[in-house]
Amino acid sequence: MTELVNFVVNFTFNLLVAFLLVRFIYYPSTHKKGYVLTFLAFNTVIYFVMSFLTSIEIGIGVGFGLFAIFTILRYRTATIPIREMTYLFVIAALPVMNSLGITSSVGWQLLLANVTLLIIMLVLEKEWGFHYESSKRIVYEKIELICPDRRAELQADLEARTGLKIKHITIGKVDF
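This structure is a prediction, so every number in the text was calculated from the model and none was measured.

Caption draft 1: Quick peek at helix α5 (residues 107-125). Taking 1.5 Å per residue as the helical rise, α5 with its 19 residues ought to reach 27 Å, and the 27 Å between its terminal C-alpha atoms agrees with that figure. Every buried residue of α5 is accounted for by G107, L110, N114, L118, M121 and E125. What you see down the axis of α5 is that its buried residues fit within an arc of 70°, all on one side. Exposed residues on α5 whose side chains face more than 90 degrees from its buried face are W108, Q109 and L112. Elements in contact with the buried residues of α5: α1 (2-30) and α4 (82-98). Of the residues one or two after α5, E127 is the one with positive phi, at around 60°.

Caption draft 2: Region of interest: the layout of surface pockets. Considering only enclosed or pocket space, the largest pocket measures out at about 1,700 Å³ in volume. Considering the residues around the largest pocket, the lining is formed by 35 residues, among which S134, S135, K136, R137 and I138 are closest to the centre. Those elements giving two or more residues to the lining of the largest pocket turn out to be α1, α4 and α6 (151-162). In terms of residue class, the lining of the largest pocket is made up of 15 nonpolar, eight polar and 12 charged.

Conventions adopted
- Residues numbered from 1 in each chain as written.
- Predicted model: local features only at pLDDT ≥ 70, side-chain atom pairs only at ≥ 80, totals over all residues.
- Heavy atoms only, no water.
- Helix = DSSP H or I, 4+ residues; strand = E, 2+ residues; numbered from the N terminus.
- Expected span 1.5 Å × (residues − 1).
- Buried < 20%, exposed > 50% of the residue type's maximum accessible area, 1.4 Å probe, protein only.
- Arc of directions from axis to C-beta.
- Contact = heavy atoms within 4.5 Å.
- 1 Å grid on protein atoms, 1.4 Å probe; cavity = no way out; pocket = protein on both sides within 12 Å on 5 of 7 lines; lining within 4 Å.
- Points joined across faces, edges and corners; volume = space filled by probe spheres on them.
- Nonpolar A, V, L, I, M, F, W, Y, C, P; charged D, E, K, R; others polar.

This is a description of form; function is not addressed.
Structure, rendered in structure tokens:
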């Protein structure tokens, strides 16, 4: 019975940390519901796989294997933005780390590591001390506005169309 209680406590701890990360750090910044399911499902499945492995050597090997898979996914999947891939990596690393168990002898270190991770992700997501700019490549059809003397009109048109405040415009390739 003690093993079952430990399993439930450890799983609940892992899921709580993943939930806090996704619901209160990731989601308020992006509002992308589609990734919420992916992150929490990945975390849960990886936790179950890791928790059923009895050997630490096998567990660490599987953990590194998961990291290798995600590295390959990053280079093979152009549709997942880098921010979501980063969260996916963190969400996958959590259960590898947490499979040691909060009820084990390293419980305090695990608790500290999880709290530290949540704090770091919150600081980075809230841009405290950092200023991020995102860029977007677009195909623009109003060729007459790409002249240097009509830069203000180009920026006004792009801001009206996108609803975003545009800081920089770089004209790359022009195809007449």
